[in-house]
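# Fold and geometry: a report
Now for the letters of each chain:
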Amino acid sequence: MIRAGVIGVSGLAGGELVRLLAHHPELELTFAGGSASAGLRLGELHPGLREPGPTIQPGTEAPADRLDVVFLATPAAVSADLAAQLTDRVPAVIDLSGAFRIRTPHIHERWYPGVARAADLVDRCVYGAPELVGDRMADAALISLPGCQATAITLGLAPLALGLCLPLHRVLVDVKTGSSGSGLHLRTAGLHPLRSGAITPYAPTGHRHAAEVTEFLRRARPGAVDSLSMSAYGVPTVRGLLASIYVFTNRPLAQHELRRAYLRYYKGHPFVRLRQHTETRIPLPDPQAVSGSNYCDVTALADEEGGRIVVLAALDNLVKGAAGQAVQAANRRFGLAEETGLTMLPVVPA
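Report on the accompanying structure.

## Topic: the pattern of salt bridges
Using the criterion set out here, one finds 13 salt bridges in the structure. One salt bridge connects R332 with D135, and the closest N-O pair in it is separated by 3.1 Å. Residue R332 is located in helix α11 (residues 319-333), and its partner D135 is located in the loop between α6 (130-133) and β7 (142-144); the two are separated by 197 residues in the primary sequence. Given a relative accessible area of 68%, D135 falls into the exposed group.

Right under this line is the structure:
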């Protein structure tokens, strides 16, 4: 068995990791770490667990010599410190925070002010998008998972930017996301009387995930995208997000060319499902059609009259956008089949 530790088990992503590891045939949770929750049993925090589970220990007391992988479901500043302490003492560290997502120092400081990280770890870190850089995860000491919205956007754009090498002159992104994307920190705007029934433009003119996607695509292929801007809205659901991506390029594609390009790019990748917009009773992609699963549903549509390509990508932000993708990355890191422990189907209706 691969011995796993999770630090940050009291959070939503940490709790989701505990749930997924409970059914994984090769990964075994042997250390549960937290800060304010230290001394509690896992079942006290996560009532969905059948057994009380181990007692939560301070995250700084992770027994590195008895762990094969540590998942950091902690805030970015905490992850940066823990990664410096654990990398190379544990075979693999997988960080779910934004501490290492953006490599360029001044861009990182713009979106994660005050989050200092060791320069050598930034250089060694592997961006943890399994469908896009999976081969680089073998033997990686530190893997930084993409943000949930960045995952949907990048998976939506990769066949165009990296597969067809289209020049993406202008990309506009609109993301609608459920309340779990904000974590458990209480904010006035997150209170149920204000959140219920609302569509909240919490980041209408900029978002750090846009900077993350832009940097990744440009590093993967210089000149891949000229401009990418994003607006984000909170909607009255708990799980799931939908990214609507509008691509303007001087090389328009017919619908059959688009579909063929996406099918070819994601052939052999079980967690990206190419959908026809009208193939089911509800139009797709829809976040509720992936709820509780590690799937990302993607549709690419040619809008000839509008002179654009419309890409829609939906995922469960706690699974494919966080804990599920972390397990998927661990599978790749340790040479397991990518879908190990992640074969659960979506729960519909959510």
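The discussion continues.
## Examining the sheet that holds strand β9 (residues 200-203)
Strand order in the open sheet made by the seven strands is β9-β10-β8-β11-β14-β13-β12, with mixed pairing throughout. Of all the strands in the sheet, just β9 and β12 (272-274) have a single pairing partner and so form its edges. When strand polarity is set aside, the average angle formed by the axes of neighbouring strands in this sheet is 25 degrees. In this sheet, strand β13 (residues 296-303) lies alongside β12 in parallel orientation, the contact comprising three bridges. Opposite L274, over in β13, you have V298 as the bridge partner. Helix α7 (residues 148-163) rests against β8 (168-177), β9, β10 (225-234), β11 (241-248), β12, β13 and β14 (308-315) of the sheet, and its axis sits at about 35 degrees to β11.

## Focus: the side chain of H24
Structurally, H24 is set in the loop between α1 (12-21) and β2 (27-34). On the accessibility criterion, H24 (5% relative accessible area) is buried. Excluding its chain neighbours within four sequence positions, the residues that come into contact with H24 are V327, N331, L336, T340 and G341.

## A short note on the packing of aromatic side chains
Summed over all chains, the structure comprises three aromatic pairs. Residues Y127 and F216 carry aromatic rings whose centres are separated by 4.9 Å and whose planes lie at 25 degrees to one another, so their mutual orientation is stacked. In this pair, Y127 is assigned in strand β6 (residues 126-127) and F216 in helix α9 (residues 208-220), connecting sequence segments 89 residues apart. Here F216 falls in the buried class, since its relative accessible area comes to 11%. Ring geometry for F271 against Y295: centres 5.9 Å apart, planes inclined by 55 degrees, an arrangement best described as tilted. With F271 in the loop between α10 (255-265) and β12 and Y295 in the loop between β12 and β13, this pair connects stretches of sequence that are 24 residues apart. For F271, a relative accessible area of 2% corresponds to the buried category. Owing to a relative accessible area of 15%, Y295 belongs among the buried residues under this scheme. Stacked on the ring of F334, the Lys or Arg R333 has its end atom at 4.8 Å from the ring centre.

Criteria and cut-off values
Residues numbered from 1 in each chain as written. Predicted model: local features only at pLDDT ≥ 70, side-chain atom pairs only at ≥ 80, totals over all residues. Heavy atoms only, no water. Salt bridge = Lys/Arg side-chain N within 4 Å of Asp/Glu carboxyl O. Helix = DSSP H or I, 4+ residues; strand = E, 2+ residues; numbered from the N terminus. Buried < 20%, exposed > 50% of the residue type's maximum accessible area, 1.4 Å probe, protein only. Pairing = 2+ DSSP bridges. Axes fitted to C-alpha atoms, helices over the stretch in contact; angles between N-to-C directions. Contact = heavy atoms within 4.5 Å. Phe/Tyr/Trp six-rings, centres within 6.5 Å; stacked < 30°, edge-to-face > 60°. Lys NZ or Arg CZ within 6 Å of the ring centre and 35° of its normal.

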